[in-house]
Amino acid sequence: MKSRIVKKAMLFVRWTLGLFFGSSILAVVLLKFVPVYFTPLMFIRLAQQDEMKLSHTWVPLSEMSPQMPLAVMGSEDAKFRDHWGFDFEAIGKAAAHNREHPERPRHGASTITQQTAKNVFLWPGRSWVRKGLEAYFTVLIELFWSKDRIMEVYLNSIETGPGIYGVEAVAQEHFGCPASKLTKEQCALIAATLPNPLRMSSKSPSQYVLKRQRQILHEMKYLSR
């Protein structure tokens, strides 16, 4: 009797794991070609809002300012074109900082690919389960998508303000132009708010955001070479 229960449990586990791996790989392959119109974060934010707002318009990477990828790489992930989803040097530095200065705000080391995995397939949080799933989807994305596709999905899915998602929506709402017409300075300003777009605004930037903008513009000079 006991062995029968164990066999059934093992069969259930195998089927569950098979279903998870099969469906997740299929989803990643499908989204290599299909635009991402909605993400879990969009629905989570809608549930949190008093006045519901969801501003999001998908545009191809070719219809964005070429300065926008440089700006987010300068802000978030300078080695994006060179790594396979994880920047182990940045992870080591962040871990050392967080260990040596526990009283200060924690440093993160998530790459653009990791953030894309979180934005498209997962939910916000710091649990080990979510971080493990993020690593799994990061590997799949790097395996099946090109770097341009990763950047395209990232720039279309990032939160860029309260109820605003993607570069096209924030360009229209904050600068009154399409993403293709964003200037280098505007791209850097958008990228400067990405650590916390609910508190930092590219429409009404604080002195801190303007300082970050200047730093990102400096980094962009080296990335464009």
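Structure: above.
Residues numbered from 1 in each chain as written. Predicted model: local features only at pLDDT ≥ 70, side-chain atom pairs only at ≥ 80, totals over all residues. Heavy atoms only, no water.

*Asks:* Sorry if this is basic, but what is going on with the packing of helix H3 (residues 67-76) against helix H9 (residues 184-192) here?
*Replies:* The packing of two helices is summarised by the inter-axis angle and the distance between the axes. Running from N to C, H3 and H9 point in directions that differ by 40°, and their axes come no closer than 8 Å. Considering the angle they form, H3 stands oblique to H9. As H3 runs across H9, the sense of the crossing is right-handed. Touching Gln 67, Met 68, Ala 71, Val 72, Ser 75 and Glu 76 of H3 are Lys 184, Cys 187, Ala 188, Ile 190 and Ala 191, all from H9. Tallied by class, residues from the contact of H3 with H9 come to seven nonpolar, two polar and two charged. (Axes fitted to C-alpha atoms, helices over the stretch in contact; angles between N-to-C directions. Helix = DSSP H or I, 4+ residues; strand = E, 2+ residues; numbered from the N terminus. Parallel < 35°, antiparallel > 145°, perpendicular 65-115°, else oblique. Left-handed = near helix turned anticlockwise from the far one by under 90°. Contact = heavy atoms within 4.5 Å. Nonpolar A, V, L, I, M, F, W, Y, C, P; charged D, E, K, R; others polar.)

*Asks:* Can you walk me through H9 in this structure?
*Replies:* Since the α-helix advances by 3.6 residues per turn, residues separated by three or four positions end up pointing in the same direction. Burial runs high along H9: seven of the nine residues are buried. For H9, the complete set of buried residues consists of Gln 186, Cys 187, Ala 188, Leu 189, Ile 190, Ala 191 and Ala 192. Here the buried face of H9 lies against H3, strand E2 (159-161), helix H8 (167-175) and helix H10 (207-223). (Buried < 20%, exposed > 50% of the residue type's maximum accessible area, 1.4 Å probe, protein only.)

*Asks:* Before we go on, may I ask you to explain the packing of aromatic side chains in this structure?
*Replies:* Within a pair of aromatic rings, the relevant descriptors are the distance that separates the centres and the angle that separates the planes. On inspection of all chains with the given rule, the structure shows six aromatic pairs. Their ring planes at 70° and their centres at 5.5 Å tell us that Phe 21 and Tyr 136 sit as a pair that is edge-to-face. Of this pair, Phe 21 sits in helix H1 (residues 2-30) while Tyr 136 sits in helix H6 (residues 128-144), placing them 115 residues apart in sequence. Using a relative accessible area of 38% as the deciding quantity, one classes Phe 21 as partly exposed. (Phe/Tyr/Trp six-rings, centres within 6.5 Å; stacked < 30°, edge-to-face > 60°.)

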